There are 2 protein chains.
Amino acid sequence: MKINRATDYGVRLMVYLATEGGKTVPRAEVSSAMDIPSEFLAKIAQHLARAGLLEIKQGRMGGYRLKRSPEEITLLEIVEALEGEIFLNICVGDPKACRFSSTCKVHLVWKAAREGLRDLLGSIRLTNLIIKERPLQNSQERCCKYN
Amino acid sequence: MKINRATDYGVRLMVYLATEGGKTVPRAEVSSAMDIPSEFLAKIAQHLARAGLLEIKQGRMGGYRLKRSPEEITLLEIVEALEGEIFLNICVGDPKACRFSSTCKVHLVWKAAREGLRDLLGSIRLTNLIIKERPLQNSQERCCKYN
DNA sequence: AAAATTTTGGATAAAAAAGATCCAATTAGA
DNA sequence: TCTAATTGGATCTTTTTTATCCAAAATTTT
Ligand code: SF4
Ligand code: SF4
């Protein structure tokens with residue numbers, strides 16, 4: 001019951017792109033800054049591009065950049081783009097996979113757990129994940145409990 | 001991000017034992033009633049026994065039974081006995097595993113997600129998971145939202 | 001147009017985890 | 001003692017994860 005490395009790497013990539021604003025960042029830079037194996041990163045970026053989360057520019061001066069505003073992109077989208085839709089147990093996504101699913105109460109717990117997890121991840125936006133070097137001087141604003 | 005089959009099987013076993021009250025149930029019976037490969041079930045039962053959740057009786061008339069009252073056993077205990085402590089990302093259990101963990105905000109989200117998940121699973125007891133054939137006639141009681 | 005740089009996409013592969021299965025030895029009731 | 005039940009260790013297969021390699025394609029610069 002853990003996320004994949006690829007998912008964590010994908011989130012790192014997206015957070016890095018968010019901190020770089022709209023710039024196109026070459027793979028090598030993300031790889032070294034974020035400690036992600038370069039070739040693996042290429043595959044992850046392709047997944048995220050197909051999911052409509054980032055844009056890939058090929059050729060010289062190519063690289064990656066966010067396709068949408070970091071305010072619009074949730075952690076849930078990133079995670080599910082890389083892991084597939086979250087289901088903590090097979091029966092949640094496919095009730096026919098278990099002959100007990102219609103009466104089983106554990107089934108309901110896994111369903112509830114999934115909801116809770118997705119709600120949390122869905123409430124976090126890329127903007128909430130950017131690391132600011134120092135806190136804003138004249139602002140008390142906190143967009144959520146995670147920053 | 002899914003539980004293992006072994007974990008689901010383990011929960012099925014525990015729920016079955018709970019429905020049988022204090023009886024010692026042979027492995028073959030649990031295996032066929034709960035659709036669990038018998039030899040695999042043996043391994044799972046050994047794990048749960050080491051975790052103090054059930055008692056194994058060897059020899060003729062042997063089998064499995066709960067070691068504690070189903071009221072005292074939570075789903076979290078069962079799941080963690082089989083999966084190990086729940087951490088949705090390596091950095092949650094071992095911050096040294098990632099050089100970003102001290103500043104990374106995603107880290108905090110995975111921590112919060114873990115808390116939420118463990119709280120939910122910890123709130124469900126084996127008694128809440130027993131399947132009653134028909135609802136009690138003269139009782140409105142619901143021990144929680146899962147029954 | 002040629003050179004330089006950067007990604008693609010498909011193949012491949014090593015390692016780890018998951019999901020069992022086998023069986024000789026052991027245990028304990030009858 | 002006979003029989004029925006589990007143990008514990010080894011083994012095995014399959015799937016998933018985590019990459020890596022490289023020729024081809026794309027795009028900018030010279
Ligand atoms: S036993 Fe219950 S929780 Fe397990 S797979 Fe079947 S329906 Fe789902
Ligand atoms: S990048 Fe953040 S979330 Fe990912 S492993 Fe490191 S600390 Fe954890």
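Residues numbered from 1 in each chain as written. Chains lettered and ligands numbered in written order. Predicted model: local features only at pLDDT ≥ 70, side-chain atom pairs only at ≥ 80, totals over all residues. Heavy atoms only, no water.

### Re the protein's contact with DNA strand D
Here is the rule we go by: Residues are counted as near a molecule or strand when any one of their heavy atoms sits within 4 Å of it. Under the rule applied, a polar contact is a pair of N or O atoms within 3.5 Å (in protein, one hydrogen donor and one hydrogen acceptor; residues adjacent in sequence only if both atoms are side-chain atoms). Each helix corresponds to a stretch of at least 4 residues labelled H or I by DSSP, and each strand to a stretch of at least 2 residues labelled E; elements are numbered beginning at the N terminus. Each residue receives one of three labels: charged for Asp, Glu, Lys and Arg, nonpolar for Ala, Val, Leu, Ile, Met, Phe, Trp, Tyr, Cys and Pro, and polar for the others, Gly being one of them.
The local shell around DNA strand D holds 25 residues, among which Arg 5 and Phe 40 of chain A together with Arg 27, Lys 43 and Ile 56 of chain B are the closest. Contact distances for DNA strand D include 3.1 Å between a phosphate oxygen and a backbone N or O atom of Arg 5 of chain A. The contact in question runs from a phosphate oxygen of DNA strand D to an N or O atom on the backbone of Arg 27 of chain B, over 2.6 Å. For the surface near DNA strand D, the elements supplying multiple residues, two or more each, are helix H1 (5-19) and helix H3 (38-50) of chain A together with helix H3 (38-50), strand S1 (54-57) and strand S2 (63-66) of chain B. Its residues assigned to classes, the surface near DNA strand D shows eight nonpolar, eight polar and nine charged.

### Things to note about the protein's contact with DNA strand C
Among the 24 residues in the neighbourhood of DNA strand C, the closest are listed as Arg 27, Lys 43 and Ile 56 of chain A together with Arg 5 and Gly 59 of chain B. Counting only atoms of DNA strand C within 4 Å of the protein, the fraction found in sugar and phosphate groups is 67%. For DNA strand C, a phosphate oxygen lies 3.0 Å from a polar atom in the backbone of Arg 5 of chain B. No other element matches H3 of chain B, which puts three residues into the surface near DNA strand C. Of the residues in the surface near DNA strand C, the class split is eight nonpolar, eight polar and eight charged.

### Points about the pairing of strand S1 (residues 54-57) of chain A
Residues and elements named next belong to chain A. Here is the rule: By the convention used here, strands pair only if DSSP detects at least 2 bridges between them.
The pairing of S1 with strand S2 (residues 63-66) spans four bridges and is antiparallel. In the sheet register, Ile 56 faces S2, and the bridge partner there is Tyr 64. Once S1 ends, the chain turns through five residues before running back antiparallel as S2, passing Gly 59 with a positive phi of about 75°.

### Regarding the pattern of salt bridges
We apply this condition: Between Lys or Arg on one side and Asp or Glu on the other, a salt bridge is scored when a side-chain nitrogen of the former is within 4 Å of a carboxyl oxygen of the latter. Each residue gets one of three labels from its accessible area relative to the maximum for its type: buried under 20%, exposed over 50%, partly exposed in between, using a 1.4 Å probe on protein chains only.
Summed over the entire model, instances satisfying the criterion amount to 18 salt bridges over all chains. Residue Arg 5 of chain B pairs with Asp 8 of chain B through a salt bridge whose shortest N-O separation is 3.8 Å. Of the two residues, Arg 5 of chain B and Asp 8 of chain B both sit in helix H1 (residues 5-19), three residues apart, roughly one turn of that helix. Taking relative accessible area as the criterion, Arg 5 of chain B reaches 31% and is therefore assigned partly exposed. Taken together, the salt bridges that share partners define one network made up of Arg 5, Asp 8 and Arg 12 of chain A.

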